[in-house]
Amino acid sequence: MKKIFCVLLAGLFCGALAGCGGGETSGSGGGNDNSSGGGSQEPFEDKIFDGIDAVFDESLGYYNAYPSAIQEGATRYLYYTRNTVKYDGTTSSIAVRVGTYSGGSWTYGEPKTCIAVSDSGWDSGGVFMPDVVKGTFSYGGESYSYLMAYSGTDRADGNDADIGLAVAKTPDGEWVKVGTQPLVTFNSSEWDTVGLSWYPGAIEPGLVSFDEGGKVWLFYEESEVFKSNYAWELDLSDLDNIVRGGRKVIERTGVSDLGTSNPLLYGGDFVYDPDSDYLFAAREGRTMATANPIVADEVQVLRSSMDILDEIVQGPTQEEPRVWWEEVGDSIDAGATAHPTDDTRIFGYTRIFSPCIVSDPYGRLLEYGSLELLFTTQASEGDERLPADREDAYEYSQMIHSMVITY
């Protein structure tokens, strides 16, 4: 499912953009980024809409992918991955847009860069896939209220990713990278025996607080084909002295895909509901492999008892077989994303991937019985509606959409 990671990032991360170094504020200064289409310096190019609208408009030439969102009071913070310079995949960054609610919908402001690539080191080739949680964290003698986990790599093709951290005093930054080394380091040599030739690495980090302080679960996935989903118990109260607890391989019984013998929580995003004691997961569904990009064609929500995280181990468990996961509501596929009133957009999107569940600042469900999913769509290579003079235009066509699932 996550072959999108290589197909997309290999085309986008072909170099490194000078950015912030470890332990320093983002090189962009965290200010509003006015390089998006629609400004006075460049023309706005429409993206391809086959179904419902995107949650915000940005010109073709800027990819908008891997969303993560927290809602605090009447304000929402939408984090995602984008390039800061049009049609330039080397300008990888993590951005945030602040959302306000009015008239039954959310309106998002302009992008503000949170994290850019470093001048050197583990995240000098690309940064992507952010997730943010609120808590109480200290670093370098300063106190911070927000923690970001993100994937990064020093490679031009986006592979061999690690996971690092950044902190901020407000949800929209300024963001400060934590140290010069990642929190989770991917070692491809551990996978050589299975014959893999490329390794996405440690990706899709997600944070859930379990004390509203500095103790969190870090969820992430690792490698491809023979992949596992992990949950790591961490005390990040003092980021100069991180306390690492046990790491658990997340059980996957109940997860299924058509034609897939090893289904996992691909692209997984996790939130907790303390009232029902359920762990909810949004994941990518079946793979379509007919044309680039090779990505999922649906997203779905699952839930499991939080007992799934009770036994903390360093490797696969030997528990008695139990069906842990069950689907919640209906999956979101091309039919679900069709536009209800526009006859030119009634077929919906065939490439739907990288979902997240909008949560409260601590990674908890906003409302039991209803949840909002944000997800990414993308055009296909060779689509005749894309600019004929740009063969790579499809790589910059991603949009972020929203749908509500009830159960």
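Calculation rules
Residues numbered from 1 in each chain as written. Predicted model: local features only at pLDDT ≥ 70, side-chain atom pairs only at ≥ 80, totals over all residues. Heavy atoms only, no water. Helix = DSSP H or I, 4+ residues; strand = E, 2+ residues; numbered from the N terminus. Contact = heavy atoms within 4.5 Å. Areas by Shrake-Rupley, 256 points an atom, 1.4 Å probe, with all protein chains shown as cover. Core = buried A, V, L, I, M, F, W, Y, C linked by side-chain atoms within 4.5 Å. Buried < 20%, exposed > 50% of the residue type's maximum accessible area, 1.4 Å probe, protein only. Salt bridge = Lys/Arg side-chain N within 4 Å of Asp/Glu carboxyl O. Polar contact = N/O pair within 3.5 Å; in protein donor to acceptor, adjacent residues only side chain to side chain. Pairing = 2+ DSSP bridges. Axes fitted to C-alpha atoms, helices over the stretch in contact; angles between N-to-C directions. pLDDT = per-residue confidence, 0-100. Phe/Tyr/Trp six-rings, centres within 6.5 Å; stacked < 30°, edge-to-face > 60°.

### Focus: the overall build of the protein
Logical step 1: Counting its regular elements, the protein contains 1 helix and 20 strands.
Logical step 2: Of all intrachain contacts in the protein linking residues separated by at least 6 positions in sequence, the fraction that spans at least 24 positions is 63%.
Logical step 3: In the structure as shown, the protein presents an accessible area of about 15500 Å², 46% of it carried by carbon and sulfur atoms.

### Overview of the nonpolar core
Logical step 1: Among the nonpolar cores identified, the biggest contains 27 residues, and Leu147, Leu218 and Leu239 are the most heavily contacted of them.
Logical step 2: Taken together, the elements giving at least two residues each to this core come down to strand S6 (126–139), strand S7 (142–153), strand S8 (162–168), strand S10 (202–209), strand S11 (215–222) and strand S12 (228–235).
Logical step 3: Of all hydrophobic cores here, the second largest spans 18 residues; its members include Ile332, Tyr349, Ile352 and Ile357.

### Describing the side chain of Arg364
Logical step 1: Following the sequence through the fold, Arg364 ends up in the loop between strand S18 (352–357) and strand S19 (370–377).
Logical step 2: Given a relative accessible area of 14%, Arg364 falls into the buried group.
Logical step 3: Ignoring sequence-local partners within four residues, the contact set of Arg364 consists of Ser209, Phe210, Asp211, Glu212, Val271, Tyr272, Pro274 and Ser359.

### Observations regarding the pattern of salt bridges
Logical step 1: Under the counting rule described, the total for this entry stands at 17 salt bridges.
Logical step 2: When the shortest N-O distance is used, the salt bridge between Arg345 and Asp53 registers 2.7 Å. In this pair, Arg345 is assigned in the loop between strand S17 (326–332) and S18 and Asp53 in the loop between helix H1 (3–12) and strand S1 (65–72), connecting sequence segments 292 residues apart.

### As for the side chain of Gln71
Logical step 1: Secondary-structure assignment places Gln71 in strand S1.
Logical step 2: A distance of 2.7 Å separates polar atoms of two side chains, one belonging to Gln71 and the other to Arg76.
Logical step 3: Gln71 has contacts with Arg76, Trp106, Val358, Ser359, Asp360, Pro361 and Leu366, leaving out every residue within four places of it along the chain.

### A few points about the sheet that holds S18
Logical step 1: Read from one edge to the other, the open sheet built from 3 strands follows the order S18-S19-S20, with strand pairing classed as antiparallel. Where the open sheet ends on each side, the last strands, each with one partner, are S18 and strand S20 (399–406). Across the sheet, the mean angle from the axis of one strand to that of its neighbour is 30°, orientation sign disregarded.
Logical step 2: Here S19 runs beside S20; their pairing, made up of 8 bridges, is antiparallel. Looking across to S20, one finds that Glu372 is bridged to Val404.

### Some remarks on the confidence of the model for the protein
Logical step 1: Averaged over all residues, the pLDDT of the protein is 87; the fraction at 70 or higher stands at 83%.
Logical step 2: Here residues 1–31 is a poorly scored stretch, pLDDT under 50, and it has 131 contacts once near neighbours within four places are set aside; other chains count.
Logical step 3: Note on residues 34–39: pLDDT under 50 across the span, and 14 contacts to partners over four residues away in sequence or across chains.

### As for the sheet that holds strand S15 (residues 278–284)
What links the strands of a sheet is backbone hydrogen bonding, and the strands pair in either a parallel or an antiparallel sense.
Logical step 1: One open sheet holds the 4 strands; their spatial order is S14-S15-S16-S17, and the pairing between them is antiparallel. A single partner strand is all that each edge strand has here, and the edge strands are strand S14 (269–273) and S17. For this sheet the average axis-to-axis angle between neighbouring strands, irrespective of direction, equals 20°.
Logical step 2: As paired strands, strand S16 (residues 299–305) and S17 are joined by 4 bridges and run antiparallel to one another. Across the sheet, the residue bridging to Arg303 is Glu326, located in S17.

### Considering the pairing of S12
Logical step 1: With 6 of 8 residues buried, S12 is to be regarded as a mostly interior element.
Logical step 2: Pairing of S11 with S12, which is carried by 8 bridges, proceeds in the antiparallel orientation. Residue Lys215 lies in a different strand from S12, and its bridge partner there is Asp235.

### A few points about the packing of aromatic side chains
Each aromatic ring pair is described using two quantities: the centre-to-centre distance and the angle formed by the ring planes.
Logical step 1: All chains considered together, the criterion is met by 14 aromatic pairs.
Logical step 2: Each ring, one from Phe280 and one from Tyr368, has its centre 6.4 Å from the other, and the planes form 75°; the classification is edge-to-face. Taken together, the positions of Phe280 in strand S15 and Tyr368 in the loop between S18 and S19 put the pair 88 residues apart, joining distant regions of the chain.
Logical step 3: The exposure class of Tyr368 is partly exposed, given its relative accessible area of 43%.
Logical step 4: Ring geometry for Tyr368 versus Tyr407: centroids 5.3 Å apart, planes at 85°, classification edge-to-face. Note that Tyr368 is positioned in the loop between S18 and S19 and Tyr407 in the segment after S20, a separation of 39 residues in sequence.
Logical step 5: Chaining the aromatic ring pairs together yields one cluster made of Tyr278, Phe280, Tyr368 and Tyr407.

### Some thoughts on the environment of Arg76
Logical step 1: With respect to the helices, strands and loops of the structure, Arg76 is situated in strand S2 (residues 75–85).
Logical step 2: Sequence separation of Arg76 and Tyr101 is 25 residues, and the distance between their C-alpha atoms is 8.4 Å.
Logical step 3: Not counting chain neighbours up to four residues away, the residues in contact with Arg76 comprise Ala69, Ile70, Gln71, Arg97, Val98, Gly99, Trp106, Tyr108, Val358 and Glu372.
Logical step 4: In terms of polar contacts, Arg76 uses its side chain to reach the side chain of Tyr108, at 3.3 Å.
Logical step 5: Within the structure, the side chain of Arg76 is placed 3.0 Å from the side chain of Glu372, a separation counted as a polar contact.

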